[in-house]
Amino acid sequence: MRAETQNIVTEIEKSLELLAQRMDHETAAYRLEEFNARVEDPNLWDDPEAAQKLMRERQTLVDAMDTFNSIKTDLTDNVELIELGEMEEDEEVVKDAEEALATLREKAAEKELEALLDGEADSNDTFLEINAGAGGTESCDWASMLARMYVRWAEKKGYKVELQSESAGDEAGIKSAAYKISGHNAYGWLKSESGVHRLVRISPYDSAAKRHTSFSSVWVYPVVDDNIEIEVNPADIRIDTYRSSGAGGQHVNTTDSAVRITHNPTGIVVTSSEKSQHQNRDIAMKALKSRLYQMELDRRNADINAAHEAKGDAGWGNQIRSYVLQPYQMVKDLRTNFETSDTKGVLDGDLDGFMGATLAMDVSGKSRAEAQGED
């Protein structure tokens, strides 16, 4: 077996070790038997919430076991094919098996990262807010570029994207936008994106073609599902209705249907600007509860809290990631040092490398490469 292929096999084996650790492989079969026995209990659905929780936990374990077994089987099969092909000097068989191993390595690395998404709210849907920083039209255009980037990323993941509210820029782009992104592990993947994002480019709005630096902030927080109780005292909130702003034309919203809710104790403000005022109240209240829940998560997790506090104002010194388009092309995460020169790919939604590097660092305090390099 070629040295390069052996390195790929070693990487896959390392991923399998980490997957086994995350699901406690030695006790997995026993725990599944326990789950199956409880599922057969005729009284299970007397408590629907407890039953649904049990079914979710069982399915999570089943998925983890299936993933581990599938990767392990594919690894064994392809290694055997390579050994057989080398014995029979069949280069085509060897080549096909090596290509299959390279694909399997990518799958194993992705599943390894997904296994780290075991936080309390990681599997939930998420809200994503984008706000332009100081800088007028440039920052508004950058906020619009970020919105497109995240929508593209979510669509590639197969997630559902719903625009909750949007405030257009005076000349171009957007001042702010809020999205709801729905899908398994949506919050777990996106939570590392909270922070200030910095763009360096030659401005298309500057006739002198000078280089400009723009900032926009991103905030991600989980959608609170029905199993999480969040109480909001009606006396603590103020609800305002206003006319939604838009681009004009036949689709302009001409009624005061948009809703803004302010939570007085925390200063949290959420908005929604769908056509129905009743629908907007419901959406805004859910967003408020999600923001309050995020605050509780922050209090429980000092690392997450520090990350959100460090987000600060959208300006110098607070950025988590830098996107340089001129004079050279580079996107670099300042927390993990993960970088790529494929700026077009990143702005088209290729973000998994950045998210994975941050996720691995948050869990272990090391990069994934460092973690896999340990014996």
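Please read these numbers as outputs of a predicted model, since none were measured by experiment.

**A few points about a negative patch on the surface**
Okay, so step 1: Taken together, Asp41, Asp46, Asp47 and Glu49 make up a surface patch of like negative charges.
Okay, so step 2: Tracing the chain through its elements places Asp46 in the loop between α2 (25–39) and α3 (48–87).

**Notes on the UniProt feature "coiled-coil region" (unreviewed entry) in the protein chain**
Okay, so step 1: The positions that UniProt labels "coiled-coil region" (unreviewed entry) are, in the present scheme, residues 87–114.
Okay, so step 2: With 89% helix and 0% strand, residues 87–114 has its two end C-alpha atoms placed 37 Å apart.

**Some thoughts on the packing of aromatic side chains**
Okay, so step 1: Tallied over the full model, the rule gives five aromatic pairs.
Okay, so step 2: Their ring planes at 70° and their centres at 5.7 Å tell us that Trp153 and Tyr159 sit as a pair that is edge-to-face. Of the two residues examined, Trp153 and Tyr159, each falls in the buried class.
Okay, so step 3: Arranged with centres 5.8 Å apart and planes meeting at 65°, the rings of Trp219 and Tyr221 form a pair that is edge-to-face.
Okay, so step 4: We classify Trp219 as partly exposed; its relative accessible area is 22%.

**A few points about unusual backbone geometry**
Okay, so step 1: Between Gln326 and the following residue, Pro327, the backbone shows a cis peptide bond with an omega angle of 10°.
Okay, so step 2: The backbone of Asp24 shows a phi angle near 55°, a positive value even though the residue is not glycine.
Okay, so step 3: As for its position among the elements, Asp24 is in the loop between α1 (3–23) and α2.
Okay, so step 4: Phi at Asn337 takes a positive value of approximately 70°, unusual for a residue other than glycine.

**Here's the deal with the pattern of salt bridges**
Okay, so step 1: Under the defined criterion, the tally for this structure stands at 20 salt bridges.
Okay, so step 2: Here Arg152 makes a salt bridge to Asp348, at a shortest N to O gap of 3.4 Å. Here Asp348 lies in the loop between α9 (343–347) and α10 (352–364) and Arg152 lies in helix α5 (residues 137–156), a separation of 196 residues in the sequence.
Okay, so step 3: What makes Arg152 partly exposed here is its relative accessible area of 33%.
Okay, so step 4: Taking the shortest distance from any N to any O, the salt bridge between Asp333 and Arg335 comes out at 2.7 Å.

**A short note on α5**
Okay, so step 1: With 20 residues, α5 extends 29 Å from end C-alpha to end C-alpha; this agrees with the ideal 28 Å at 1.5 Å per step.
Okay, so step 2: Of all 20 residues that make up α5, 15 are buried, and the element is covered over most of its length.
Okay, so step 3: Once α5 ends, the next one or two residues include Gly158, with phi positive near 80°.

What counts and what doesn't
- In this numbering scheme, every chain counts its residues from 1 along its sequence in written order.
- Owing to the predicted nature of the model, reporting of local features is limited to residues with pLDDT of at least 70; listing and counting of side-chain atom pairs is limited to 80 or more, with chain, interface and lining totals taken over all residues.
- Hydrogens and water molecules were not included; the side-chain quantities draw on all heavy atoms of the structure.
- For patches, a residue must show more than 30% relative accessible area and have no salt bridge; joins then use 9 Å for like charges and 5 Å for nonpolar side chains, namely Val, Leu, Ile, Met, Phe, Trp and Tyr.
- Surface accessibility follows the Shrake-Rupley procedure with a 1.4 Å probe radius. Residue values consider only the protein chains on display as shielding.
- We define a salt bridge as a side-chain nitrogen of Lys or Arg found within 4 Å of a carboxyl oxygen belonging to Asp or Glu.
- Positive charge is attributed to Lys and Arg, negative charge to Asp and Glu, and no charge count is given to His or to the chain ends.
- By convention, the point assigned to a charge is CZ for Arg, NZ for Lys, CD for Glu and CG for Asp.
- Numbered from the N terminus, helices here are DSSP runs of H or I no shorter than four residues, and strands are runs of E no shorter than two.
- UniProt positions are given in the numbering used here, feature names are shortened, and annotations may be inferred rather than shown by experiment.
- Planes of paired rings set the category: under 30 degrees apart is stacked, over 60 is edge-to-face and the rest tilted, where pairs are Phe, Tyr or Trp rings (Trp by its six-membered ring) whose centres lie within 6.5 Å.
- Exposure categories follow from relative accessible area, calculated using a 1.4 Å probe and restricted to protein chains: below 20% of the type maximum is buried, above 50% is exposed, and the middle band is partly exposed.
- Given the number of residues in a helix, its expected span is that number minus one, multiplied by 1.5 Å.

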